[in-house]
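Commentary on secondary and tertiary structure
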Amino acid sequence: MKEQIINLLADNLPSLTAQEISELIEIPPTPDMGDYAFPCFRLAKTLRKAPPMIAAEIKGAIESAGIPEYIQEVRVAGAYLNFFIKKEVFAEALLSQVRDEKLGSSEEGVGHTICIDYSSPNVAKNFHVGHLRTTIIGNSLYKIYSKLGYHVERINHLGDWGTQFGKLIVAYKKWGSEEDVKSKGIEELMRLYVLFHQEADKDPALEDEARFWFAEMERGNEEALSIWQWFVEISLEEFKRTYKLLGMEFDHYTGESFYRDKTDDVVRRVTEAGLLSESEGAKIVDLSEYDMAPCLILKNDGSSIYATRDLAAIFYRKENYNFDKCLYVTGQEQRLHFRQVFKVVELMGNEWAKDGLVHIPYGLVSLGGEKLSSRDGNVIFAEDILLEAVSKIREIIEQKNPDLEDKDEVAKHVGVGAVIFNDLYNQRIKDVSFRWEHLLNFEGETGPYVQYTYARCSSILRKVSDYDPNADVDVSFLTDEASMGLLKELSRFTAVVKEAANRYEPSVVARFAIAVAQAFNHYYTVNRINVEDPAERNARVLLLDITRRVLRDALDLLGITCVEQM
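Notes on the structure in this doc start here. (Residues numbered from 1 in each chain as written. Predicted model: local features only at pLDDT ≥ 70, side-chain atom pairs only at ≥ 80, totals over all residues. Heavy atoms only, no water.)

What follows covers the overall build of the protein chain. Helix and strand counts for the protein chain come out as 23 helices and 13 strands. Counting across all 566 residues of the protein chain, residues that qualify as buried make up 55%. In the protein chain, 74% of the contacts between residues at least 6 apart in sequence involve partners at least 24 apart. Carbon and sulfur atoms make up 45% of the accessible area of the protein chain, which amounts to about 25,600 Å² in all. (Helix = DSSP H or I, 4+ residues; strand = E, 2+ residues; numbered from the N terminus. Buried < 20%, exposed > 50% of the residue type's maximum accessible area, 1.4 Å probe, protein only. Contact = heavy atoms within 4.5 Å. Areas by Shrake-Rupley, 256 points an atom, 1.4 Å probe, with all protein chains shown as cover.)

And the structure:
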């Protein structure tokens, strides 16, 4: 219907292209203002007339040529020209669109590859609640781009190399034991890491020891590498347990260590590009011309740094995956780091770096407003948060529906889904706070509210015996305000997915899911669905069934699994 309105306006507005008209057309905030609205402010300057007068003249031109059959009325409202579509025509058009099994999907990404670097926890540090943001956002972006037809490489760039492992080796050799590490795993590694920093504050010489042991790792010292590999294996086992709880997988666990034998090539390439210079014994790329601090390539002891390994990773991914875009989902505190690294790649003569390398920052995570820090030991583990959410949902189920089958499985999907939705509902750049009273609310703008709406749709559908999703539909039963409102929301799905991808913003999908759930619950409140008349019943159940499918698909894009009963 929008296309037809655009063409109608284009026929009467030679000064604007169809694309320009499309960008201007709006959806009025309430049905009494029409189905589409065209603002005339932009035309005032070129036509040298007041916007209301322009709107009236366009209306007159349309009426003179004959109002198309699908339009009920064209009305001037101030500077706007409002179009009212005949309800049955509009309902038919919307229903035809939302009935499409591919609603929300697209083939725009076919033949294109996107790499997403996300989660990437540091080895030997527990997967804390702060890591949830990059993991949840990255997983949702993977699903969104896949929905649009892109081939996506999911990369977990583990923090498994660097001076911190020199610190851990020192701490393990001084204060740890093989028995404690084997029995306590990552908990003991965290204790040793925190203890190192406490002791290093009193004895700065420990920092020199740590740098020595990391340099030994880079030189291939067998003892150092053996301890390091052991710590990596312990950490991966822990991480994968959390990923399993979240229902997530990765295509590659190629952490920083994967690129350690590729850093010499990076140094060679940067040198050949004429970018490398020396500063106090270290090798850098001077970026002062771009209002940035220098990008450190090699430390003064000759060892690499994470910027070197990030450069190696970019070249490896470009050569092996031939990505169109490589996305980095990390905290906003790493903005400068990625600006530096991306600029170095560009200065080396790689034009694709300008649009092909994208940093996707996000805000902090807090519990009660308190920032988390692994160095200070102020850590809330991600697994503990997820299991606590599951436990709390389990208690609610026990109170409200004690006879529910598969209570543990339902509690897991709703509890984990509540944590994910709480993270993704607000724009990613905003800070996220975990507050149980909001997160687990079944009536607010939350994951459980959407999950419950989906389960309600499933429950009603199970009670209808003769529903035929492929039957012809009498759309006259779907012309009431609530039905039309729901149809309009559902019809936005494909555009919503594209917008979320273009903005790297899963919150667009989360807010859409809330809007659909609210529109359905209003529809359900004012309309009986399982009515006696078979034609009306089939029309109303079809709309419910489509809503159910869209809610399921939208939640899946967020990484949330729906449950059939709650």
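Under the criterion given, the structure shown has 27 aromatic pairs. Measuring from centroid to centroid gives 5.2 Å for F493 and F512, while their planes differ by 0°, and the two rings are stacked. In this pair, F493 is assigned in helix 21 (residues 493-503) and F512 in helix 22 (residues 507-526), connecting sequence segments 19 residues apart. Judged by its relative accessible area of 0%, F493 is buried. Here R154 stacks its cationic end above the ring of Y142, 4.4 Å away from the centre of that ring. (Phe/Tyr/Trp six-rings, centres within 6.5 Å; stacked < 30°, edge-to-face > 60°. Lys NZ or Arg CZ within 6 Å of the ring centre and 35° of its normal.)

Applying the stated criterion to the full structure yields 41 salt bridges. A salt bridge links R211 to D208, with the nearest nitrogen and oxygen atoms 2.6 Å apart. Placement of both R211 and D208 in helix 10 (residues 205-219) is noted, with a separation of three residues, approximately one turn of the helix. Its relative accessible area of 47% is what places D208 among the partly exposed residues. In this structure, E536 engages R540 in a salt bridge whose closest nitrogen and oxygen atoms are separated by 3.4 Å. Here E536 pairs with R540, and both are found in helix 23 (residues 534-558), just four residues apart, close to one helical turn. Relative accessible area serves as the criterion here: at 21%, E536 is assigned to the partly exposed category. Through salt bridges that share partners, D265, R268, R269, E272 and E319 make up one connected network. (Salt bridge = Lys/Arg side-chain N within 4 Å of Asp/Glu carboxyl O.)

This part covers the side chain of S140. Locating S140 in the fold gives a position in helix 6 (residues 131-147). At 2.7 Å, the side chain of S140 forms a polar contact with the backbone oxygen of L557. Aside from chain neighbours lying at most four places away, what touches S140 is L424, P506, L557 and L558. (Polar contact = N/O pair within 3.5 Å; in protein donor to acceptor, adjacent residues only side chain to side chain.)

A general tendency of soluble globular proteins is for nonpolar side chains to be buried together. Counting 161 residues, the largest nonpolar core has L9, F38, I58, F83 and L132 as its most contacted members. Once you skip the residues sitting within four places of it in the chain, L132 turns out to touch F127, L246, A382, L386, V419, D423 and F434. One finds C115, I155, V266 and A353 within the second-largest nonpolar core, a separate group that totals 32 residues. (Core = buried A, V, L, I, M, F, W, Y, C linked by side-chain atoms within 4.5 Å.)

In terms of burial, strand 4 (residues 113-117) is largely enclosed, as five of its five residues are buried. Pairing of strand 4 with strand 5 (residues 151-155), which is carried by five bridges, proceeds in the parallel orientation. By the bridge assignment, T113 is partnered in strand 5 with H151. With respect to chirality, the unit in which strand 4 leads through helix 6 into the neighbouring parallel strand 5 is right-handed. Pairing of strand 4 with strand 9 (residues 325-331) involves four bridges; the strand directions are parallel. Bridge pairing links D117 to Y328 in strand 9. (Pairing = 2+ DSSP bridges. Right-handed = clockwise from strand over helix to strand, strands pointing away.)

As for its placement among the helices and strands, H157 is situated in the loop between strand 5 and helix 7 (163-175). Given a relative accessible area of 8%, H157 falls into the buried group. For the pair H157 and S257, spaced 100 residues apart in sequence, the C-alpha to C-alpha distance is 9.3 Å. If sequence neighbours within four positions are ignored, H157 has contacts with D117, Y118, S120, T254, G255, E256, Y259, D310, A313 and R317.

Quick look at the packing of helix 5 (residues 87-98) against helix 20 (residues 481-491) now. Between helix 5 and helix 20, the shortest axis-to-axis distance is 9 Å and the interhelical angle comes to 40°. Judged on the interaxial angle alone, helix 20 and helix 5 are oblique. Crossing of helix 5 against helix 20: the hand is left-handed. Contact with helix 5, carried on its side by K87, F90, A91, L94, L95, Q97 and V98, involves M484, L487, K488, L490 and S491 of helix 20 and no other residues of that element. Grouping the amino acids of the contact of helix 5 with helix 20 by side-chain chemistry returns eight nonpolar, two polar and two charged. (Axes fitted to C-alpha atoms, helices over the stretch in contact; angles between N-to-C directions. Parallel < 35°, antiparallel > 145°, perpendicular 65-115°, else oblique. Left-handed = near helix turned anticlockwise from the far one by under 90°. Nonpolar A, V, L, I, M, F, W, Y, C, P; charged D, E, K, R; others polar.)

This part covers helix 17 (residues 407-424). Taking 1.5 Å per residue, 18 residues should reach 26 Å; helix 17 reaches 25 Å between its end C-alpha atoms and fits that length. Burial runs high along helix 17: 15 of the 18 residues are buried. (Expected span 1.5 Å × (residues − 1).)

The strand order across the open sheet built from three strands is 6-7-8, with neighbouring strands paired in antiparallel fashion. Because the sheet does not close on itself, it has two edges, and the strands there are strand 6 (276-279) and strand 8 (295-298). Strand-to-strand, the axes of this sheet are offset by a mean angle of 45°, without reference to chain direction. Strands strand 6, strand 7 (282-285) and strand 8 of the sheet are contacted by helix 12 (residues 263-272), whose axis makes an angle of about 105° with strand 6.

The subject of this paragraph is helix 12. Taken together, the buried positions of helix 12 are occupied by T263, V266, V267 and V270. Each buried residue of helix 12 lies within a common arc of 100° when the element is viewed along its axis, so the set occupies one face. Residues of helix 12 that are exposed and point more than 90 degrees away from the buried face comprise D264 and E272. Packing partners of the buried residues in helix 12 comprise strand 6, strand 7, strand 8 and helix 13 (306-321). Taken from the residues just after helix 12, G274 is the one with a positive phi, measuring 75°. (Arc of directions from axis to C-beta.)

With that settled, consider the sheet that holds strand 2 (residues 71-77). Across a sheet, paired strands are connected by hydrogen bonds in the backbone, their directions being either parallel or antiparallel. The antiparallel open sheet is built from three strands, whose spatial order is 1-3-2. Either end of the sheet is taken by a strand with one partner, and the two such strands are strand 1 (36-39) and strand 2. Strand-to-strand twist of the sheet, defined as the mean angle between neighbouring strand axes without regard to direction, takes the value 20°.

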